Amino acid sequence: MKVLVIGANGQIGQILVDQLHENENFEAIAMIRNPEQQSKFEEKGIKTVVGDLEGPVKDLELAMQGVDAIVFTAGSGGKTGPDKTLLVDLDGASKTIEAAEKVGIKRFVMVSAIQAHNRENWSEQIKPYFVAKHHADRILVSSTLDYTIIRPGGLVNEPGTGKIQIAENLQRSIVTREDVASTIVAVLKAENTIKKSFDLINGESDINEAVQAFQ
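Residues numbered from 1 in each chain as written. Predicted model: local features only at pLDDT ≥ 70, side-chain atom pairs only at ≥ 80, totals over all residues. Heavy atoms only, no water.

### Quick look at the overall build of the chain
Part 1 of the reasoning: Along the backbone of the chain there are 7 helices and 11 strands.
Part 2 of the reasoning: Over its C-alpha atoms the chain spans a radius of gyration of 16 Å, differing by no more than 12% from the 17 Å that the globule rule assigns to 215 residues.
Part 3 of the reasoning: Of all 215 residues assigned to the chain, the portion counted as buried reaches 49%.
Part 4 of the reasoning: Look at the contacts in the chain between residues 6 or more apart in sequence, and 69% of them connect residues 24 or more apart.
Part 5 of the reasoning: If you average the places of the 23 positive and of the 30 negative side-chain charges in the chain, the two averages end up 4 Å apart. (Helix = DSSP H or I, 4+ residues; strand = E, 2+ residues; numbered from the N terminus. Rg over C-alpha atoms; globule rule 2.2 N^0.38 Å. Buried < 20%, exposed > 50% of the residue type's maximum accessible area, 1.4 Å probe, protein only. Contact = heavy atoms within 4.5 Å. Lys, Arg positive; Asp, Glu negative; His and termini not counted. Charge placed at Lys NZ, Arg CZ, Asp CG, Glu CD.)

Listed below in structure tokens is the structure:
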């Protein structure tokens, strides 16, 4: 399966690309915005394509040629304002969904945020971020794509535990970025997660077992 990772230079994206590259069932393709980022991927034997989420939908269509699945891990980052959150996390995601439909790619995994589907549980400090994720997720659910929406809790850079908890609604807690990436890989192999959404935190269940058992 050829998997285009959008946001490949982000923290989750870099881990995910490496995991996919090391898995014989997948071929990772890293979408990057800056051509200067190509070398660090291509030195590992990972193919790259250049694409800008703030550019035209047609450019994203070109970046998706020959792809079997898309993982959207892009984000504007904590140092930008609500304007960039709107352009990347909402409109960038919306354009990616539109491009995927036009190209005919069905499988789409979205990395969202825990409780993005429940307005009453949003943090006031980063409310624009939750607004963007909420509406991007709704656009994806309304699309024709075979989606899975993963809503991770607070992201930390500790080593992965290999243990998670997933459910429609979870109390806010932490999850390692490595475990998020591993969950994405497991989801790509699990047809039972198609047309499903879930919150994700670290827990007591093996990642593959938790994903395969999700209803």
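### So, the pairing of strand S10 (residues 196–202)
Side-chain positions along a regular strand alternate between the two faces of the sheet.
Part 1 of the reasoning: Most of S10 is tucked away, with 5 of its 7 residues classed as buried.
Part 2 of the reasoning: The pairing of strand S6 (residues 146–152) with S10 spans 5 bridges and is classified as parallel. Opposite Pro-152, over in S10, you have Leu-200 as the bridge partner.
Part 3 of the reasoning: One ladder, built from 4 bridges, connects strand S8 (residues 163–167) with S10; its direction is antiparallel. When the bridges of S10 are listed, Ile-166 appears paired with Leu-200. (Pairing = 2+ DSSP bridges.)

### Digging into helix H4 (residues 82–103)
Part 1 of the reasoning: Over its 22 residues, H4 runs 30 Å from end to end, which matches the ideal 32 Å to within 8%, given 1.5 Å per residue.
Part 2 of the reasoning: Residue Asp-91 marks the point of greatest curvature in H4, where the axis turns by about 35°.
Part 3 of the reasoning: Of the positions making up H4, those classed as buried are Thr-85, Val-88, Asp-89, Leu-90, Gly-92, Ala-93, Lys-95, Thr-96, Ile-97, Ala-99 and Ala-100.
Part 4 of the reasoning: Of the surrounding elements, those touching the buried residues of H4 are strand S1 (2–6), helix H3 (57–63), strand S4 (69–72), strand S5 (107–111) and helix H5 (127–141).
Part 5 of the reasoning: One or two residues past the end of H4 sits Gly-104, with phi positive at roughly 95°. (Expected span 1.5 Å × (residues − 1). Bend = angle between axes of the 7 residues up to and from the residue.)

### Some points on the side chain of Thr-148
Part 1 of the reasoning: Among the secondary structure elements, Thr-148 is positioned in strand S6.
Part 2 of the reasoning: A polar atom in the side chain of Thr-148 sits 3.0 Å from the side chain of Arg-107.
Part 3 of the reasoning: Within the structure, Thr-148 has its side chain in polar contact with the backbone oxygen of Thr-193 (distance 2.8 Å).
Part 4 of the reasoning: With residues near it in sequence (within four places) discarded, Thr-148 still touches Arg-107, Phe-108, Val-109, Met-110, Val-187, Thr-193, Ile-194, Lys-196 and Phe-198. (Polar contact = N/O pair within 3.5 Å; in protein donor to acceptor, adjacent residues only side chain to side chain.)

### Thoughts on the pattern of salt bridges
When their charged atoms lie close together, side chains carrying opposite charge are able to pair.
Part 1 of the reasoning: One pass over the structure, following the stated rule, counts 8 salt bridges.
Part 2 of the reasoning: Lys-44 is the partner of Asp-18 in a salt bridge, and the nearest nitrogen-oxygen pair spans 3.1 Å. Remark: Lys-44 occurs in the loop between helix H2 (38–42) and strand S3 (47–50) and Asp-18 occurs in helix H1 (residues 11–22); sequence separation between them is 26 residues.
Part 3 of the reasoning: Accessibility expressed as a relative area gives 23% for Asp-18, which makes it partly exposed.
Part 4 of the reasoning: One salt bridge in this structure joins Asp-199 and Arg-151, with 2.6 Å as the shortest N-O distance. One end of the pair, Asp-199, is in strand S10; the other, Arg-151, is in strand S6, with 48 residues separating them in the sequence.
Part 5 of the reasoning: For Asp-199, a relative accessible area of 0% puts it in the buried group.
Part 6 of the reasoning: Classification of Arg-151 by relative accessible area gives buried; the value is 3%. (Salt bridge = Lys/Arg side-chain N within 4 Å of Asp/Glu carboxyl O.)

### Things to note about the side chain of Asn-23
Part 1 of the reasoning: Tracing the backbone shows Asn-23 in the loop between H1 and strand S2 (27–32).
Part 2 of the reasoning: Note on Asn-23: relative accessible area 18%, which makes it buried.
Part 3 of the reasoning: A polar contact of 2.9 Å, which involves the side chain of Asn-23, links it to the backbone nitrogen of Asn-25.
Part 4 of the reasoning: Sequence-distant contacts of Asn-23, defined by excluding residues within four places in its chain, comprise Val-185 and Lys-189.

Any functional reading would require information that these geometric values do not contain.
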